[in-house]
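# Residue-level structure breakdown
For reference, the chains in residue letters:
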Amino acid sequence: MKNGKVFLVGAGPGDVGLITLKAVHCLHVANVVVYDHLVNPELLSFAPKSARRIFAGKYPQNHILFQKEINRLLVQTAKKGNIVVRLKGGDPLLFGRGAEEALELAEAGVPFEIVPGVSSSYAVPAYAGIPVTYRNISSRLNIVTGHEAPEKGRATIDWKKQVDDHATLVILMGFANLEKIVREVTADRKRRTMPVAVISNGTCRDQKVVTGTLADIVGRVKDAGIKAPAIIVIGRVVALREKLDWFKPEPALKGKRILVTRPAHQASALVDLLKTHGATVISVPLIKVVPSGKTAEIKARLEALDLYSWLIFTSANGVDIFMKQMHRARISPERLQGKKIAAIGQKTASYLKDLGLPVSLVPAEFVQEALADEVIRAVGKRSQRILLVHALGSRPVLEQKLRSARLDLDTLDLYRSVPLIVNYGRIRRLFEGRKIDAVMLTSSSCVDSFVRAFAPRKLKALTKNVITAVIGPVSAATARKAGLPVTVESKEYTIEGVTRALVDHYQERKTA
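Here we summarise the structure given alongside this text. (Residues numbered from 1 in each chain as written. Predicted model: local features only at pLDDT ≥ 70, side-chain atom pairs only at ≥ 80, totals over all residues. Heavy atoms only, no water.)

## Considering the overall build of the chain
Regarding its fold elements, the chain presents 19 helices and 22 strands. For the C-alpha atoms alone, the extent of the chain along its principal axes is close to 75 × 60 × 50 Å. Within the span of the chain, comprising 512 residues, buried residues form 52% of the whole. A sequence separation of at least 24 residues applies to 69% of the contacts in the chain between residues at least 6 apart. Here the chain has roughly 24,800 Å² of accessible surface; of this, 52% comes from carbon and sulfur atoms. (Helix = DSSP H or I, 4+ residues; strand = E, 2+ residues; numbered from the N terminus. Buried < 20%, exposed > 50% of the residue type's maximum accessible area, 1.4 Å probe, protein only. Contact = heavy atoms within 4.5 Å. Areas by Shrake-Rupley, 256 points an atom, 1.4 Å probe, with all protein chains shown as cover.)

Rendered as structure tokens:
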């Protein structure tokens, strides 16, 4: 089979408008897109709907795919004749490990092109009103990684030598080491008054900037609650921000009253996310997750864990309850070592990895259909027994597809979602009082419970002027079938994705 080709593409620093025209052309012709967690998911819409989207995100201490796995994926996918876009935040060669991937492709004889991208090293400071060079102030720019490769054994950067009165120092991936960097630079006490800026989510609507000096920046950052991703700028040019601060996006959800209906133990992350966009959030859980009650079945499956080569989890709730049931049955987590684990999406995979359980498979699209296809492809014709851990009464698509492929499959109805009828009265009062601008429905169970809170003849009337935001096509289909119009449907099936879709909706309305 003729090799395909890989485009190593820089996606820019965050603002969709900063991707290059050539990068967009590459996405237009892609069969497969392999993308990182710093890539704005809106950029995936430039690829054809038929293109496979594979998330290869790497978070600190938590990798969905390790670099060797990414390299292997690119080679294998291209050798099947695919046009692959490897979409990387910023520029692919500036601390982006694009060169490592290019070398792997070259050694495997796979054609590739490198498409440079706008780097956060100068674009993010520009959006914060900080020019990285300025005549008579800074004639030199130093760009340094704050996260050196662990295989080096020890740090090689002498931070004291990186800072002087006529240079600008930009530190990428150094936020977690801010305190250590500042301590080493200020070993020379003359540097303590040097201006510093820490910029979080640069070029995006939720950009935050904290300025100070090397003497006080650590405290200021903690007080402001700044979080990664963030870059650090050290140099006298930071003082120019006082006059050049031009990027002042008003929070898109400012003044909007958003109803969150997630279970209480899962709501806080979504609430915090909406608040960063200026929303007033009202959290009223409409479902709760409880064990299925199938005690004998659960006990039997757990005792037979050694029979299974694969475990499939369809939610973080399933992982949580599974581990609690193992603990209750006094079954050691070591029994899971060596098993291949498939997770339906990023959040479930991250939860598993936080527990020290490596994830072998995450589908590009976080729905049962895609998960089934990936598992069938991974297992192939090998004789491997699979345990599917899911909710009682969940969609049967995944199980049906796996059985149709004649895989050796057992299922475990581990938990179920039950409606919180006790909160229905409060929901009705909020809508009768016109106190809600938008409602977030993050699963089909939430949709079902929300609809049940209203008399059928009153549902449309009370929700008429309320924006309904749902995660993905399954929840959207459930809502429409129940007679609830869907205003916003996220293409990325996560709370970050649905929040971004809601923000974009309000932004587009404001622009119009």
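Structure shown, so let's carry the discussion forward.
## Some remarks on the packing of aromatic side chains
Enumeration according to the criterion identifies 8 aromatic pairs in this entry. Among the aromatic residues, those joined into a cluster by ring pairs are Tyr-127, Trp-246 and Phe-247. (Phe/Tyr/Trp six-rings, centres within 6.5 Å; stacked < 30°, edge-to-face > 60°.)

## What to know about the nonpolar core
Among the nonpolar cores identified, the biggest contains 54 residues, and Leu-274, Phe-322 and Leu-502 are the most heavily contacted of them. For this core, the element with the highest residue contribution is helix 19 (residues 495-511), accounting for 6 residues. For Leu-502, the contacting residues outside a window of four places in its chain are Leu-253, Ile-258, Leu-274, Ala-438, Met-440, Ile-467, Ala-469 and Val-488. Listed in part, the 26 residues of the second largest apolar core include Leu-259, Leu-430, Leu-459 and Leu-484. (Core = buried A, V, L, I, M, F, W, Y, C linked by side-chain atoms within 4.5 Å.)

## Notes on the pattern of salt bridges
Scanning the model with the defined rule gives 29 salt bridges in all. Salt-bridge contacts for Arg-86 lead to Glu-101; the nearest nitrogen and oxygen are separated by 3.2 Å. Residue Arg-86 is found in strand 6 (residues 83-88), and its partner Glu-101 is found in helix 3 (residues 98-107); the two are separated by 15 residues along the sequence. For the pair Arg-86 and Glu-101, a shared accessibility class is recorded, and that class is buried. Across the salt bridge formed by Lys-294 and Asp-413, the nearest N and O atoms sit 3.0 Å from each other. Taken together, the residues Lys-294 in the loop between strand 15 (287-291) and helix 10 (295-303) and Asp-413 in strand 19 (residues 408-419) connect sequence positions 119 residues apart. On the basis of relative accessibility, which here comes to 13%, the residue Asp-413 falls in the buried class. Linked by salt bridges that have partners in common, Asp-36, Arg-86, Lys-88 and Glu-101 make up one network. (Salt bridge = Lys/Arg side-chain N within 4 Å of Asp/Glu carboxyl O.)

## Let's talk about the sheet that holds strand 6
The strand order 3-2-6-1-7 describes an open sheet built from 5 strands, whose pairing is parallel. The open sheet has two edge strands with one neighbour each: strand 3 (52-55) and strand 7 (112-115). For this sheet the average axis-to-axis angle between neighbouring strands, irrespective of direction, equals 15°. Sheet analysis places strand 1 (residues 5-10) next to strand 6, joined by 6 bridges and oriented parallel. When the sheet's bridge partners are listed, Leu-8 is paired in strand 6 with Arg-86. Docked against the sheet, helix 2 (residues 67-79) engages strand 1, strand 2 (32-35), strand 3 and strand 6, running at close to 155° with respect to strand 6. (Pairing = 2+ DSSP bridges. Axes fitted to C-alpha atoms, helices over the stretch in contact; angles between N-to-C directions.)

## Focus: the environment of Ala-329
Here Ala-329 lies in the loop between helix 11 (316-328) and strand 17 (340-343). For the pair Ala-329 and Lys-299, spaced 30 residues apart in sequence, the C-alpha separation works out to 7.4 Å.

## Points about the layout of surface pockets
In this structure, the second largest pocket encloses a volume near 1,100 Å³. Arg-53, Glu-365, Lys-491, Glu-492 and Tyr-493 are the residues nearest the centre of the second largest pocket, which is lined by 35 residues in total. Counting only elements with at least two residues in the lining of the second largest pocket, the list comes to strand 3, helix 13 (368-379), strand 22 (488-490) and helix 19. Here the residues of the lining of the second largest pocket sort into 14 nonpolar, 6 polar and 15 charged. (1 Å grid on protein atoms, 1.4 Å probe; cavity = no way out; pocket = protein on both sides within 12 Å on 5 of 7 lines; lining within 4 Å. Points joined across faces, edges and corners; volume = space filled by probe spheres on them. Nonpolar A, V, L, I, M, F, W, Y, C, P; charged D, E, K, R; others polar.)

## Observations regarding the packing of helix 11 against helix 12 (residues 346-354)
It is at 8 Å that the axes of helix 11 and helix 12 come closest, and there the two elements cross at 30°. Of the possible angle classes, the one that applies to helix 11 and helix 12 is roughly parallel. Counted together, Ala-316, Val-319 and Asp-320 of helix 11 and Thr-348, Tyr-351 and Leu-352 of helix 12 form the full contact between these two elements. Of the residues that constitute the contact of helix 11 with helix 12, the class distribution is 4 nonpolar, 1 polar and 1 charged. (Parallel < 35°, antiparallel > 145°, perpendicular 65-115°, else oblique.)

## Describing the pairing of strand 16 (residues 310-313)
The side-chain alternation of strand 16 yields two buried faces, one formed by Trp-310 and Ile-312 and the other by Leu-311 and Phe-313. Alignment of strand 16 against strand 17, held across 4 bridges, turns out to be parallel. Looking at the pairing, Ile-312 lines up with Ala-342 of strand 17. Handedness of the β-α-β unit built from strand 16, helix 11 and strand 17 comes out right-handed. Two elements, strand 16 and strand 18 (residues 385-391), share 4 bridges in a ladder whose sense is parallel. The partner of Phe-313 across the bridge, within strand 18, is Val-389. (Right-handed = clockwise from strand over helix to strand, strands pointing away.)

## Quick word on the environment of Gly-380
Within the fold, Gly-380 resides in the loop between helix 13 and strand 18. On the accessibility criterion, Gly-380 (34% relative accessible area) is partly exposed. As a C-alpha pair, Gly-380 and Leu-172 span 208 residues in sequence and 42 Å in three-dimensional space.

## Quick notes on helix 4 (residues 120-127)
For helix 4, a buried count of 6 out of 8 residues is recorded, marking the element as mostly surrounded by other parts of the structure. Looking at helix 4, one finds that the buried residues are Ser-120, Ser-121, Ala-123, Val-124, Pro-125 and Tyr-127. Packing partners of the buried residues in helix 4 comprise strand 8 (140-145), strand 9 (167-172), strand 10 (195-200) and strand 12 (230-234). Backbone geometry just after helix 4 places Gly-129 at a positive phi near 75°.

## Some thoughts on helix 3
For helix 3, the complete set of buried residues consists of Gly-98, Glu-101, Ala-102 and Leu-105. What you see down the axis of helix 3 is that its buried residues fit within an arc of 100°, all on one side. Seen from the buried face of helix 3, the exposed residues on the opposite side, beyond 90 degrees, are Leu-103 and Glu-107. Contacts made by the buried residues of helix 3 are with strand 1, helix 2, strand 6 and strand 7. The positive-phi residue at the C-terminal boundary of helix 3 is Gly-109, with phi of around 75°. (Arc of directions from axis to C-beta.)

## Some details on the pairing of strand 9
A large share of strand 9 lies buried, amounting to 6 of its 6 residues. Residues Ala-167, Leu-169 and Ile-171 point to one face of strand 9 and Thr-168, Val-170 and Leu-172 to the other, with burial holding for every one of them. With 6 bridges connecting them, strand 8 and strand 9 associate as parallel partners. In the sheet register, Val-144 faces strand 9, and the bridge partner there is Ile-171.

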